[in-house]
Amino acid sequence: MLIEFKVANYRSIGEEQTLSLVPAPKQKDHLQNIISKGRYQALNAISLYGPNGGGKSNILRAMSLLDRLVHVSARTSSTTRLPHDPFLLREGWEEKPTRFEITFVIEENRYRYGLEFTATQITSEWLFRKSLGREVSLFTREGEVIDVSSGFNGSKRIIDAAIEATRTNALFLSTCDNFNVEEAKSIMQWFSHFSMIDGLNTEFEEIQTVELWQDKVYREKIKDYLASLNLNIVDVDVSTKDFDESELPDDLPKNIKSQLTKNLAGKQSYTVFAKHRFYDANALPTGKTYSWQWEERESSGAKKAFQLSGPILWALANGGVLIIDEIEAKLHPIMTLNTIDVFLDKKSNPNNAQLIFATHDTNLLSYSSLRRDQICFAEKNQWESTEIYSLSDFVYFGEKNGEFKSEKERPDTDKEKRYFEGRYGAIPVLGDFQKFIRNTQWQEEEN
């Protein structure tokens, strides 16, 4: 269960920003959107709104980058440069390290893990655990000095070997996992349930969907999910076949054909088919169906729905954290709403999966069951650095019954209307567009 993520000095993000999934106090609407693990609570979804260029995608990219660093840093070479991509619009920040910190819960334990890095080295790294009592340090790292406490579960001999083996550009946590340190393996298992999707480019996710299709349970779940979206598709099928060298083009150069044959030998290709009802001359449905290749004739939205079905259902089945940028791209607003609803409904999400998504779809502000603390905004401040904040943080001041009082945003407020009015910020601030129109009058050419 994800509790919180912090990031500083990464792309458009200058000073540290926090994306919190901790429920806001005294907020009583949609209590079913709060999930629990032991003594800890978190929200099952977070939405992120903001103008183009406001930095909301960079928040999600930062989460994905942390996940990638954790998984691959210990397996790269000593000369591999780290993906240091700092804030560039403030003097001196280009040389500062990027900072990530994530807080999450495994079983009864809350962990807080973080790191700072430049292009050439991990400058600091830390891991804390909180059980019944106070939070305790499991390890801290400053430069090449790694201090491990006795509370870090694992063989001391193996931990010492991991300390010795940790390179300056590799994470100690990842190295401990490579050395089979018990507690590190548990944390890495949590990160394996953490995935990021670019909603504009979901072709890669189709591979995961097809892999899950081979499992009969997932296959039926995928079919049910697509049926719930009412795509007018009677059935879906996936056919696979082994690679056949004879199907390569005859005019392909021999060296390229040889390399492809070597790389694809023993692998399978797949084709997704959609079945539709077949109608008679009077436009009445018959008992027949007509099948065609999904890729060739289905809409962009239907293609995306199939591609996302695997990752969505895997997250729901395993209690994962799914991050989707531009979730509404190519989808009808009702399809987007249904996608979010499967995470908000405890019946379809019994394992407490969490969804974090960026969107421009303001319909969700009116029609989804998102709480105020599940609606966040990203916009740039006066020095063009991204800042994020929650709708639940808004307080209005005004006179009521002769007294000057403060009041929180009401649950039944027309949030979509207020967002368009600019009351929450995080909307495009256009220049004099009418002046642009006046100055851009196309003249017909004289004959």
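Just above sits the structure.
The next subject is the packing of aromatic side chains. One pass over the structure, following the stated rule, counts 22 aromatic pairs. Against the face of Trp383 rests Arg90, its NZ or CZ located 4.2 Å from the ring centre. Residue placement shows Lys96 over the ring face of Trp93; its charged tip is 3.9 Å from the ring centre.

The next subject is the sheet that holds strand S18 (residues 386-390). The 6 strands are arranged S11-S15-S16-S5-S17-S18 in an open sheet whose pairing can be described as mixed. The open sheet has two edge strands with one neighbour each: strand S11 (194-198) and S18. Strand-to-strand, the axes of this sheet are offset by a mean angle of 20 degrees, without reference to chain direction.

Mapped onto the secondary structure, Asp325 falls in strand S15 (residues 321-325). Buried and unpaired, Asp325 has no salt bridge, with Arg61 as the nearest side chain of opposite charge at 5.2 Å. If sequence neighbours within four positions are ignored, Asp325 has contacts with Ser57, Leu60, Met196, Ile197, Asp198, Gly199, Leu200 and Ala358.

Let's shift gears to helix H1 (residues 56-72). Every α-helix winds through 3.6 residues per turn, so residues three or four apart in the chain are directed the same way. In this model H1 runs 25 Å from its N-terminal to its C-terminal C-alpha over 17 residues, within 8% of the 24 Å that 1.5 Å per residue would give. The buried fraction of H1 amounts to 12 of the 17 residues, a majority that puts the element mostly inside the structure. Among the residues making up H1, those that are buried are Lys56, Ser57, Asn58, Ile59, Leu60, Ala62, Met63, Leu65, Leu66, Asp67, Leu69 and Val70.

Every buried residue of helix H5 (residues 203-213) is listed here: Glu205, Glu206, Thr209, Val210, Leu212 and Trp213. Seen along its axis, H5 keeps its buried residues to an arc of 160 degrees; they face one direction. Opposite its buried face, H5 presents the exposed residues Phe204 and Glu211, each directed more than 90 degrees away. The inward-facing, buried residues of H5 abut S11, helix H6 (216-228), strand S12 (235-242), strand S13 (268-279) and helix H9 (300-318).

Of note in the backbone geometry, Asn9 takes a positive phi value of approximately 55 degrees without being a glycine. Among the secondary structure elements, Asn9 is positioned in the loop between strand S1 (2-8) and strand S2 (17-20). We classify Asn9 as buried; its relative accessible area is 2%. A positive phi angle is found at His30, which is not glycine, with a value near 50 degrees. Along the chain, the position of His30 falls in the loop between S2 and strand S3 (34-37). The class for His30 is partly exposed, based on a relative accessible area of 28%.

Calculation rules
- Residues numbered from 1 in each chain as written.
- Predicted model: local features only at pLDDT ≥ 70, side-chain atom pairs only at ≥ 80, totals over all residues.
- Heavy atoms only, no water.
- Phe/Tyr/Trp six-rings, centres within 6.5 Å; stacked < 30°, edge-to-face > 60°.
- Lys NZ or Arg CZ within 6 Å of the ring centre and 35° of its normal.
- Pairing = 2+ DSSP bridges.
- Helix = DSSP H or I, 4+ residues; strand = E, 2+ residues; numbered from the N terminus.
- Axes fitted to C-alpha atoms, helices over the stretch in contact; angles between N-to-C directions.
- Buried < 20%, exposed > 50% of the residue type's maximum accessible area, 1.4 Å probe, protein only.
- Lys, Arg positive; Asp, Glu negative; His and termini not counted.
- Salt bridge = Lys/Arg side-chain N within 4 Å of Asp/Glu carboxyl O.
- Contact = heavy atoms within 4.5 Å.
- Expected span 1.5 Å × (residues − 1).
- Arc of directions from axis to C-beta.

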